[in-house]
Amino acid sequence: MSTSNTQSEPQKDSTKPSSTKPHEVALNKTIYQFKIILIGQSGVGKTSLVNRFMGYEFQENYTCTINADFKMKSLSIDPSTGAELTIWDTCGQERFRSLTRQYYKDAHGIILVYDVTDEKSFKELDSWLDEIRINNKNDVSIVLVGNKIDLENRVITKEQGKQFADKNGVMYIEASSKDGINVESPFEDLANDIIKKLREKNGGDNMETEEDKIKKIGERNEIERQREKEVRCC
Ligand SMILES: Nc1nc2c(ncn2[C@@H]2O[C@H](COP(=O)(O)OP(=O)(O)OP(=O)(O)O)[C@@H](O)[C@H]2O)c(=O)[nH]1
Ligand SMILES: [Mg+2]
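Analysis parameters
- Here, residues in each chain are numbered from 1, in the same order as that chain's written sequence.
- Chains and ligands are labelled by the order in which they are written, letters from A for the one and numbers from 1 for the other.
- Selection of residues for local features in this predicted model requires a pLDDT of at least 70, selection of side-chain atom pairs for listing and counting requires 80 or more, and totals for whole chains, interfaces and linings are taken over all residues.
- Whether a residue is near a molecule or strand depends on its C-beta atom, generated from backbone atoms, being within 6 Å of that molecule or strand.
- We call Asp, Glu, Lys and Arg charged. Ala, Val, Leu, Ile, Met, Phe, Trp, Tyr, Cys and Pro are nonpolar, and the rest, Gly among them, are polar.
- A pair of strands is treated as paired once DSSP finds two or more bridges between them.
- The secondary structure listing takes helices from DSSP runs of H or I that are at least 4 residues long and strands from runs of E that are at least 2 residues long, numbered from the N terminus.
- Put simply, a nonpolar core is a cluster of buried Ala, Val, Leu, Ile, Met, Phe, Trp, Tyr and Cys residues tied together by C-beta atoms within 7 Å.
- For the exposure call, what matters is how many other C-beta atoms sit within 10 Å of a residue's own: 20 or more marks it buried, 12 or fewer exposed, and in between partly exposed, using C-beta atoms placed from the backbone.
- Residue pairs qualify as contacts under a 7 Å threshold applied to their C-beta atoms, which are placed from the backbone.
- Expected span of a helix, by definition, is 1.5 Å for each gap between consecutive residues, and there is one gap fewer than residues.
- By construction, the arc corresponds to the directions joining the helix axis to the C-beta atoms.
- For every residue, the predictor assigns a confidence score, pLDDT, that lies between 0 and 100.

Chemist: Would you take a moment to explain the site of ligand 1 for this structure?
Modeler: G45, T47, S48, T65 and G92 are the nearest of the 23 residues found near ligand 1. Within the shell around ligand 1, the residues separate by chemical class into five nonpolar, 13 polar and five charged.

Chemist: For this particular structure, what's the right way to read the pairing of strand β4 (residues 68–78)?
Modeler: The side chains of a regular strand alternate, first on one face of the sheet and then on the other. Note: β4 against strand β5 (residues 81–90), 10 bridges, orientation antiparallel. In the sheet register, S76 faces β5, and the bridge partner there is G82. Linking β4 back to β5 in an antiparallel pair, the connection comprises two residues.

Chemist: What exactly am I supposed to notice about the nonpolar core here?
Modeler: Among the nonpolar cores identified, the biggest contains 47 residues, and I36, I37, I111, L112 and A191 are the most heavily contacted of them. Listed by contribution, the elements that provide at least two residues to this core are β3 (29–39), α1 (46–53), β4, β5, β6 (109–115), α4 (125–135), β7 (141–147) and α6 (185–200). If you tally residues by element for this core, the top one is β3, at seven residues. Beyond its immediate stretch of four places on either side in the chain, I111 contacts I36, L38, V143, V145, P186 and L190.

Chemist: Looking at this model, I keep getting lost on α6. Mind explaining?
Modeler: In an α-helix, one turn spans 3.6 residues; hence positions three or four apart end up facing the same way. Taking 1.5 Å per residue as the helical rise, α6 with its 16 residues ought to reach 22 Å, and the 22 Å between its terminal C-alpha atoms agrees with that figure. Taken together, the buried positions of α6 are P186, F187, L190, A191, I194 and I195. End-on view of α6: buried residues confined to an arc of 160 degrees, all on one side of the axis. Within α6, the exposed residues directed more than 90 degrees away from the buried face are K196, R199 and E200.

Chemist: So what exactly am I meant to see when it comes to unusual backbone geometry here?
Modeler: Negative phi is the rule for most residues except glycine; trans is the rule for most peptide bonds. One non-glycine residue with positive phi stands out, namely N67, at about 60 degrees. Mapped onto the fold, N67 is located in the loop between α1 and β4. You will see that N182, though not glycine, has its phi angle at about 55 degrees, which is positive. By the element assignment, N182 lies in the loop between β8 (171–174) and α6. Residue N182 is classed as buried on the basis of its 20 C-beta neighbours within 10 Å.

Chemist: What is the right way to read the confidence of the model for the protein chain from this model?
Modeler: Keep in mind that low pLDDT regions are not for reading the predicted coordinates in detail. Chain-level pLDDT for the protein chain is 83 on average; 74% of the residues reach the 70-or-more range. Across residues 204–208 the pLDDT falls below 50, and counting only partners more than four positions away or on other chains, this stretch makes one contact in the model.

Okay, structure coming up:
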């Protein structure tokens, strides 16, 4: 899977969610647009993870995220499918909680992060999952990330993390933003899972699925582009 940054500068004034509409369809390539949010206790490493995924260097200094920040990056899923991710990195501090809730609503995927050296950040995971259930009514894809595995003073084992994830039906990845371990997998696994769910919705019945609609919009755009070309050239 290849990646490319389409935009690295946060646009602080935009709070509009993205949709699963394809951004571009060319020669049968469908590019989905997904909204991904990162949540979890303050200081667990959400911003560090996003920054590493974007290709920036790891920063030892801690700068608390104010409310939320966003970045965009494109992924190539397979030769005929791509995904353009709008990534919302929220602040974990309690005082921003009511503001950051607005980002849950139309998210297609959620990265829930805890720090393997911080028991409190692990114990709070149940309340974060409750937040998701309350604020996102969709069948949202979730990946749990146990971050900071480079540190020696870890208190939450890999088995504990995996058990929690299995019990709650979410994916699980251990990562180190510092050492650059698994900094892309959470985003790639989410995109794959969201696309898989969209395709599964297609199975069996004759109802027009979300993916059908997406493809149709894409095909229509392509036809319109072709028509425009024809008009221009004649
Ligand atoms: N050793 C180590 N330190 C990390 C890692 N990831 C983040 N940190 C450090 O942890 C601190 C907090 O990281 P942030 O990414 O700012 O945490 P955050 O979750 O975005 O915090 P808020 O914005 O307050 O919600 C910083 O000092 C980082 O350098 C990691 O994988 N290993
Ligand atoms: Mg942050």
